[in-house]
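Residues per chain, in single letters:
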Amino acid sequence: MHIVVLAGGVGGARFLRGVLAAAPGAEVTAVVNTGDDVTLHGLRICPDLDTVMYTLGDGIDDERGWGRRGESWTVKDELAAYGAEPTWFGLGDRDLATHLVRTRMLDAGYPLSDVTAALAQRWQPGVRLLPMSDQRVETHVVVTDPDTGRPRAIHFQEWWIRHRAALDASSFVQVGVDDARPGPGVVEALSTADAVLFAPSNPVVSIGTVLGVPGIRDAVRAASGRVVGISPIVDGAALRGMADRCLPVVGVEVSAEGVGRHYGARSADGLLDAWLVHTDDPATVPGVDVRAVPLLMGSPEATRALARAALDAAGVATP
Ligand code: FO1
């Protein structure tokens, strides 16, 4: 059985852990958002790929949800002592090795997909980790500059980390997306998938960015298996991250129903065959099989149960 999961960072990584537990022995491919990627201190950093790799490789700091367990911040403090900006980015000493290896391989001419496979050799995540694209696509956020009152684009990481998404955003721009192609293996994976799952990741800047790579949306619509999404919104609020700060920017209601309608029904030029919403959080999405199940991933058992519910909605048997 071949399961393909479109995923972003923390929520996507945790959901993937549940998929592996729910379908042991299945081939699982994760198509991961790279729009959060950023170059800082001369290093290329891929937050969502690293979060998935560390989480499934058991190196993640579970409390933060990103970066390494047992991390130290000596280099970060030394950079700050030099006044080397940005000082707002959490650059961990252990994490730094990943960025150094990745940057060296990218500079040597290896595509991101090869670099990711090389890094995953160490971590053995148990899924095939595919960047959504080998071409650089970066999410930038257009905000009103507090000093000048004029619109300014800042990198998503600055908006997310430095400003905690508190600056009102007027739009998101995926810089480079027009020249991007699906990464190696992505279209093939989708065409052979018995199930395609949208993890409960940010539907705008994570899942939305993946779907924005020319060719990926059509590949999902053409997938042989059923397409099942999991709502990242419960009772009108984001479970984690700041999807509720992103949805209004693109004119989508902050509700399970709003996000489900945003993805749309595959039978009507949209993407979904089924949509999982939280118990007691009803939603009507025309043309889509909506199922109410517990969405909170508070424990490995709950996460596995959620993944089983998603695979069940995809018509895929799990043990
Ligand atoms: N998130 C934060 O809130 N603060 C940080 O300082 C931070 C650093 C960081 C470093 C490496 C990495 O892989 C992720 C990091 N994140 C941090 C999380 C990251 O910004 C988000 O996980 C994604 O970009 C959003 O999905």
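Cut-offs and rules
Each chain has its residues counted from 1, following the order in which its sequence is written. Owing to the predicted nature of the model, reporting of local features is limited to residues with pLDDT of at least 70; listing and counting of side-chain atom pairs is limited to 80 or more, with chain, interface and lining totals taken over all residues. The basis for the side-chain values is all heavy atoms of the structure; hydrogens and waters are excluded. Working convention: axes come from line fits to C-alpha atoms, limited for helices to the stretch in contact. Angles between N-to-C directions cover 0 to 180 degrees. Starting at the N terminus, helices and strands are each numbered in turn, a helix being any DSSP run of H or I of at least four residues and a strand any DSSP run of E of at least two. Here the word oblique covers every angle except those under 35 degrees (roughly parallel), over 145 (roughly antiparallel) and from 65 to 115 (roughly perpendicular). Left-handed describes a crossing whose near helix is turned anticlockwise from the far helix by less than a right angle; the clockwise case is right-handed. The contact rule is simple, with two residues in contact once any of their heavy atoms fall within 4.5 Å. Charged means Asp, Glu, Lys or Arg here, nonpolar means Ala, Val, Leu, Ile, Met, Phe, Trp, Tyr, Cys or Pro, and polar covers whatever is left, Gly included. All the domain ranges listed were derived from an automatic or database domain assignment. Buried area: the accessible area, evaluated with a 1.4 Å probe, that two parts lose upon being put together, summed over both parts. Only one rule defines a salt bridge in this text: a Lys or Arg side-chain nitrogen within 4 Å of an Asp or Glu carboxyl oxygen. Residues are classed as near a molecule or strand on a simple rule: at least one heavy atom within 4 Å of it. The term polar contact refers here to a pair of N or O atoms within 3.5 Å; inside protein, the definition further demands a hydrogen-donor-capable atom paired with an acceptor-capable atom, and it admits residues adjacent in sequence only when both atoms are side-chain atoms. All accessibility values rest on the Shrake-Rupley procedure with a 1.4 Å probe; residue burial counts only the protein chains present in the view. The length a helix should cover is 1.5 Å for every residue beyond the first. Stacked, edge-to-face and tilted are the three classes for Phe, Tyr and Trp ring pairs, Trp counted by its six-membered ring, which pair at centre distances within 6.5 Å; planes under 30 degrees apart are stacked, over 60 edge-to-face, the rest tilted. Think of it in three bands: with a 1.4 Å probe and only protein chains considered, a residue is buried below 20% of the maximum accessible area for its type, exposed above 50%, and partly exposed in between. Only strands joined by at least two bridges in the DSSP assignment are considered to pair. In these notes, a set of buried Ala, Val, Leu, Ile, Met, Phe, Trp, Tyr and Cys residues joined through side-chain atoms within 4.5 Å is what counts as a nonpolar core.

Looking at an unreviewed UniProt entry, one finds the protein named 2-phospho-L-lactate transferase and attributed to Modestobacter caceresii.

To continue, consider the packing of helix 4 (residues 93–107) against helix 5 (residues 112–123). Relative placement of two packed helices is described by the angle separating their axes and the distance separating the axes. Direction vectors running N to C along helix 4 and helix 5 enclose 140°, while the axes themselves pass 10 Å from each other. Put simply, helix 4 runs oblique to helix 5. Our pair here, helix 4 against helix 5, has a crossing hand that is right-handed. Judged by residue contacts, Thr-98, Val-101, Arg-102, Met-105 and Leu-106 of helix 4 engage Leu-112, Asp-114, Val-115, Ala-118 and Leu-119 from helix 5. Of the residues in the contact of helix 4 with helix 5, the class split is seven nonpolar, one polar and two charged.

We now examine the domain arrangement of the protein. The assigned domain composition of the protein is domain 1 (2–67 + 95–134 + 179–313) and domain 2 (138–177). Using C-alpha coordinates to define each centre, domain 1 is positioned 23 Å away from domain 2. With 22 residues of domain 1 in contact, the opposing surface of domain 2 contributes 19 residues. Between domain 1 and domain 2, a total of about 1,500 Å² is buried, with carbon and sulfur atoms accounting for 60% of that surface. The largest contributions to the domain 1 side of the interface with domain 2 come from Met-242, Arg-245 and Val-249, which together make up 37% of the buried area. Here domain 1 and domain 2 share two salt bridges between them. Arg-245 is paired through a salt bridge with Asp-168; the nearest N and O atoms lie 3.6 Å apart.

To continue, consider the site of the ligand. Residues in close proximity to the ligand include Asp-36, Pro-47, Asp-48, Trp-66, Trp-88, Phe-89, Gly-90, Asp-95, Gln-157, Trp-160, Ile-161 and Arg-164, which together make up its full environment. Between Trp-66 and the ligand, the recorded distance is 3.4 Å, taken from a side-chain N or O atom to a nitrogen atom. A distance of 2.8 Å is found between an oxygen atom of the ligand and a backbone nitrogen or oxygen belonging to Gly-90. A total of 530 Å² of accessible area belongs to the ligand in isolation, and the protein chains cover 90% of it. Listing elements by their share of the shell around the ligand, those giving two or more residues are helix 2 (47–56) and helix 6 (156–162). Residue contributions to the shell around the ligand peak at three residues, all from helix 6. Each residue belonging to the shell around the ligand can be placed in one class, and the counts come to six nonpolar, two polar and four charged. Each of domain 1 (2–67 + 95–134 + 179–313) and domain 2 (138–177) contributes no fewer than three residues to the shell around the ligand.

On to helix 12 (residues 300–313). If you check helix 12, its first and last C-alpha atoms are 20 Å apart, about what 14 residues at 1.5 Å a residue would give, namely 20 Å. Each element contacted by the buried residues of helix 12 is listed here: strand 1 (2–7), helix 1 (10–22), strand 9 (195–198), strand 10 (226–230), strand 13 (274–278) and strand 14 (289–293). Positive phi shows up at Gly-315, right after helix 12, with a value of about 75°.

With that settled, the discussion passes to the packing of aromatic side chains. This model, assessed by the stated rule, comprises eight aromatic pairs. Relative to Trp-123, the ring of Tyr-54 has its centre 5.2 Å away and its plane inclined at 65°; by these criteria the two rings are edge-to-face. Remark: Trp-123 occurs in helix 5 and Tyr-54 occurs in helix 2; sequence separation between them is 69 residues. Look at Trp-123 and you get buried, because its relative accessible area is 10%. Note on Phe-156 and Trp-159: the rings are 6.1 Å apart at their centroids and 50° apart in plane angle, and the pair reads as tilted. Taken together, the residues span about one helical turn, with Phe-156 and Trp-159 both in helix 6 at a distance of three residues. With respect to class, Phe-156 is no different from Trp-159; both count as buried.

For the rest of this paragraph, the subject is the sheet that holds strand 10. Think of a sheet as strands paired side by side through backbone hydrogen bonds, with each pair either parallel or antiparallel. Taken in spatial order, the seven strands make up an open sheet running 5-2-1-9-10-13-14, and their pairing is parallel. Edge strands, defined here as strands with exactly one partner in the open sheet, are strand 5 (128–131) and strand 14. Going from strand to strand, the sheet's axes swing by 20° on average, the running direction of each strand aside. Where strand 1 lies against strand 2 (residues 27–32), six bridges are found, and the strand directions are parallel.

Further remarks concern the nonpolar core. In terms of nonpolar packing, the biggest core is built from 52 residues, with Leu-6, Trp-159, Phe-198 and Val-220 touching the most fellow members. In this structure, Leu-6 is in contact with Val-31, Leu-190, Val-196, Leu-197, Phe-198, Ala-199, Ile-207, Val-210, Leu-211 and Val-220, ignoring residues within four places of it in sequence.

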